[in-house]
Amino acid sequence: MTAPGVNPIMVEDLLKPVLLKDLRIQCRARGLNPGGNREVLADRLKEHMLQTGDLTFVAEGSCLPAAPAPIGATGPREPLTENAPGHVQNNYVRPEGQNVGNFITDRPSSRVLAPPGGGSSITLG
């Protein structure tokens, strides 16, 4: 069903120069699935525009519909405190973290296979 006064060819011409990322933005703004290639998104938008008669474009930075809450979510999450379970601390920043216990010794950590310069030898005679 096409909205009155909306021409399918006019909608196609309107969507032809639109880039893929902008098609995704327009789909999200209308509550449509933004997945797929350029042709799929253009067809999806064209169908929606023909049904609703809405030929407006949403600007990239404008407010988009909020994403639906995940299943089982009851409200906003509280921020994790430093000692809360599930809080991951960055070991690189902590003084007792990532490099604790690293020190240089006289004993090599791996076996030396050849002296510096290689292990080749020339025998004359």
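Whatever comes next refers back to the structure up there.
A brief report on the enclosed structure follows.

A tally of helices and strands in the chain yields three helices and zero strands. When the elements of the chain are put in sequence order from the N terminus, they spell out α-α-α. Sorting the 125 residues of the chain into buried and exposed places 15% on the buried side. Pairs at least 24 residues apart make up 48% of the contacts formed inside the chain by residues separated by at least 6 positions. When the accessible surface of the chain is totalled, it reaches about 10,600 Å², and 56% of it is carbon and sulfur.

With respect to the helices and strands, the residue K46 is situated in helix α3 (residues 38-52). Not counting residues up to four positions away in its chain, the partners in contact with K46 are P8, V11, E12 and L15.

In this section: α3. When the terminal C-alpha atoms of α3 are compared, their 21 Å separation across 15 residues agrees well with the 21 Å that a helix rising 1.5 Å per residue should span. Where α3 is concerned, the buried positions are L41, A42, L45, K46, H48, M49 and L50. On its buried side, α3 packs onto α1 (8-15) and α2 (20-29). Sitting at the head of α3, N37 places a side-chain oxygen 3.3 Å from the backbone nitrogen of E39. Of the residues flanking the end of α3, it is G53, one or two places downstream, whose phi is positive at about 80°.

Okay, the nonpolar core next. Counting 11 residues, the largest nonpolar core is built from V6, V11, L15, V18, L23, C27, L41, A42, L45, M49 and L50. For this core, the elements supplying multiple residues, two or more each, are α1, α2 and α3. The residues contacting C27, other than those within four sequence positions of it, are L32, N33, P34, L41 and L45.

This part takes up the pattern of salt bridges. Using the criterion set out here, one finds two salt bridges in the structure. For E12, the salt bridge identified is with K46, shortest N-O distance 2.4 Å. Of this pair, E12 sits in helix α1 while K46 sits in helix α3, and the two are 34 residues apart along the sequence. Between D13 and K16 there is a salt bridge, and its shortest N-O distance comes to 3.9 Å. Using a relative accessible area of 45% as the deciding quantity, one classes D13 as partly exposed. Classification of K16 by relative accessible area gives exposed; the value is 59%.

What counts, and at which threshold
Residues numbered from 1 in each chain as written. Predicted model: local features only at pLDDT ≥ 70, side-chain atom pairs only at ≥ 80, totals over all residues. Heavy atoms only, no water. Helix = DSSP H or I, 4+ residues; strand = E, 2+ residues; numbered from the N terminus. Buried < 20%, exposed > 50% of the residue type's maximum accessible area, 1.4 Å probe, protein only. Contact = heavy atoms within 4.5 Å. Areas by Shrake-Rupley, 256 points an atom, 1.4 Å probe, with all protein chains shown as cover. Expected span 1.5 Å × (residues − 1). Polar contact = N/O pair within 3.5 Å; in protein donor to acceptor, adjacent residues only side chain to side chain. Core = buried A, V, L, I, M, F, W, Y, C linked by side-chain atoms within 4.5 Å. Salt bridge = Lys/Arg side-chain N within 4 Å of Asp/Glu carboxyl O.

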